[in-house]
Amino acid sequence: MLEAAIRVADRGGVEAITMRRVAQELGVEAMSLYHHVPNKDAILDGVVDTVFAAIELPAAERGDWRDAIRTRAFSARAVLSQHSWALGLMDSRRDPGPATLRHHDAVLGVLREVGFTLAMAAHAVSLVDSYVYGFVLQEASLPVTTPDDVEEVAGGILRRLPAEELPYLAEMIRDHALRPGYDYTGEFGYGLDLILDALEARRAPHPGARDTACAEGSTM
C-alpha cells in the first residue's frame, strides 16, 4: 500500500495521496484500506518512513565522519530527487516511524562519536539537511537537466544579454556555465564539502570533549 501511495505521489505530488487514489492504484475499493490504516495521516507517516528507509545510513565504522555524512547526503539527494514531493513531509510528521528514528540516531551517532558536542551535532544535522533539501528543490525547479540543456538555455540567455550592462553575469555564463564539460550537478559536492570543512573546524578535538559546552553558544 505504501509503495502504491508513493507511486501516486511521484505522478501527482503529495496532494494526490488520497484514500481513493491509493485504492485505485491497488485496484481495490477505498473502504478496504481502512482495514490496514486508520486514515490518510497514517499513510503519510508510512510513506515518509519508507523514503527515509531508502536513504543510506551513515556508517560510523568507516572512521571518517566526513565520508559517512557525505555518503548519506549524496544518498538523500538521490532518493529525494526521485520523490521531491517528500521534501515538505520529511520533518513534519508527529509520529515518525522506525526507519526515520533509526536514520536520525545513526546520523547523530556518527557526529557524537567523533567529538561533536550535542549542540554542534544539532547544528550539523540542521545545516546539512537544509542544504540537501534546498539543493534538491532548486534542482527540481531548474529548466535544465543535462549539459545540452545548459548550453541551450544559457546560450540563449547570453545571446539576449546586454553584456556591457551586466558584465559579471555575462562572464559567468560565457566562461563558466558554457565551458565544455560543465555540469551543474557538480555544485552539490562542492557546496557540501564547504559545509563539512566548516563543521570540522568547529568540531571538539577528541571524543572525550564531546560534552564540553559549545564555544559559540547554542539555543538547541
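All values reported here derive from a predicted model rather than from experimental measurement. (Residues numbered from 1 in each chain as written. Predicted model: local features only at pLDDT ≥ 70, side-chain atom pairs only at ≥ 80, totals over all residues. Heavy atoms only, no water.)

Undergrad: Which parts of the structure should I look at to understand the overall build of the protein?
TA: For the protein, the helix and strand inventory stands at 9 helices and 0 strands. Secondary structure of the protein in N-to-C order comes out as α-α-α-α-α-α-α-α-α. Taken across its 220 residues, the protein has 40% of its residues classed as buried. Look at the contacts in the protein between residues 6 or more apart in sequence, and 71% of them connect residues 24 or more apart. For the protein, the accessible surface area stands at approximately 12,700 Å², while carbon and sulfur atoms represent 54% of it. (Helix = DSSP H or I, 4+ residues; strand = E, 2+ residues; numbered from the N terminus. Buried < 20%, exposed > 50% of the residue type's maximum accessible area, 1.4 Å probe, protein only. Contact = heavy atoms within 4.5 Å. Areas by Shrake-Rupley, 256 points an atom, 1.4 Å probe, with all protein chains shown as cover.)

Undergrad: Could you clarify how one ought to interpret a nonpolar patch on the surface in this entry?
TA: Together, Leu166, Leu169 and Met172 make up a nonpolar patch on the protein surface, roughly 270 Å² of accessible area in all. Relative to the helices and strands, Leu166 resides in the loop between helix H7 (147–160) and helix H8 (167–177). (Patch = residues over 30% accessible without salt bridge, like charges linked within 9 Å, V, L, I, M, F, W, Y side chains within 5 Å. Salt bridge = Lys/Arg side-chain N within 4 Å of Asp/Glu carboxyl O.)

Undergrad: Which parts of the structure should I look at to understand the confidence of the model for the protein?
TA: Where the model shows low pLDDT, its predicted coordinates should not be examined in detail. In the predicted model, the protein carries a mean pLDDT of 86, and 89% of its residues have values of at least 70. At the low end of the mean pLDDT range in the protein sits H7, at 82; at the high end sits helix H4 (residues 65–82), at 95. (pLDDT = per-residue confidence, 0-100.)

Undergrad: What is the right way to look at the packing of aromatic side chains in this model?
TA: The way to describe two aromatic rings as a pair is by their centre distance and the angle between their planes. Throughout the structure, instances matching the rule amount to 5 aromatic pairs. Centroid distance Trp65 to Phe116: 5.0 Å. Interplanar angle 80 degrees. Geometry classified as edge-to-face. With Trp65 in helix H4 and Phe116 in the loop between helix H5 (98–113) and helix H6 (118–141), this pair connects stretches of sequence that are 51 residues apart. Take Trp65: its relative accessible area is 5%, and that puts it in the buried class. Considering the side-chain rings of Phe74 and Phe188, the 5.0 Å spacing of their centres and the 90 degrees angle between planes classify their relative orientation as edge-to-face. A residue pair is termed long-range when its members are at least 10 positions apart, and Phe74 in helix H4 and Phe188 in helix H9 (residues 186–202) qualify at 114 residues. We classify Phe74 as partly exposed; its relative accessible area is 30%. Three or more aromatic residues joined by ring pairs form one cluster here, namely Phe74, Tyr131, Phe135 and Phe188. (Phe/Tyr/Trp six-rings, centres within 6.5 Å; stacked < 30°, edge-to-face > 60°.)

Undergrad: How should I be thinking about the packing of H4 against H9 in this particular structure?
TA: A packed helix pair is summarised by two numbers, namely the angle formed by the two axes and the spacing between the axes. For the pair H4 and H9, interaxial distance at closest approach is 11 Å and the crossing angle is 145 degrees. Of the two possible hands of crossing, H4 and H9 adopt the one that is right-handed. On H9, the residues that touch Trp65, Arg66, Ile69, Arg70, Ala73, Phe74 and Arg77 of H4 are Phe188, Gly189, Leu192, Asp193, Leu196, Asp197, Leu199 and Glu200. For the contact of H4 with H9, a count of residues per class yields 8 nonpolar, 1 polar and 6 charged. (Axes fitted to C-alpha atoms, helices over the stretch in contact; angles between N-to-C directions. Left-handed = near helix turned anticlockwise from the far one by under 90°. Nonpolar A, V, L, I, M, F, W, Y, C, P; charged D, E, K, R; others polar.)

Undergrad: How should the side chain of Asp49 be read in this particular structure?
TA: Mapped onto the elements, Asp49 comes out in helix H3 (residues 40–54). Put simply, Asp49 is tucked away with no salt bridge, and the nearest opposite charge, on Arg102, sits 6.2 Å away. There is a polar contact of 3.1 Å between the side chain of Asp49 and the backbone nitrogen of Ala99. For Asp49, the residues in contact, after removing those within four places along its chain, are Gly97, Pro98, Ala99 and Thr100. (Lys, Arg positive; Asp, Glu negative; His and termini not counted. Polar contact = N/O pair within 3.5 Å; in protein donor to acceptor, adjacent residues only side chain to side chain.)

Undergrad: Can you help me understand the pattern of salt bridges in this one?
TA: Pairing between side chains of opposite charge can happen when their charged atoms approach one another. Counted by the stated rule, this structure contains 10 salt bridges. The closest approach of N and O atoms between Arg70 and Asp193, which form a salt bridge, is 2.8 Å. You can see Arg70 sitting in helix H4 and its partner Asp193 sitting in helix H9, a full 123 residues away along the chain. The exposure class of Arg70 is partly exposed, given its relative accessible area of 28%. As a salt-bridge pair, Asp175 and Arg174 come within 3.3 Å of each other at their nearest N and O atoms. Using a relative accessible area of 40% as the deciding quantity, one classes Asp175 as partly exposed. Classification of Arg174 by relative accessible area gives partly exposed; the value is 43%. Among the ionic contacts, a cluster of salt bridges with common partners joins Arg7, Arg11 and Glu25.

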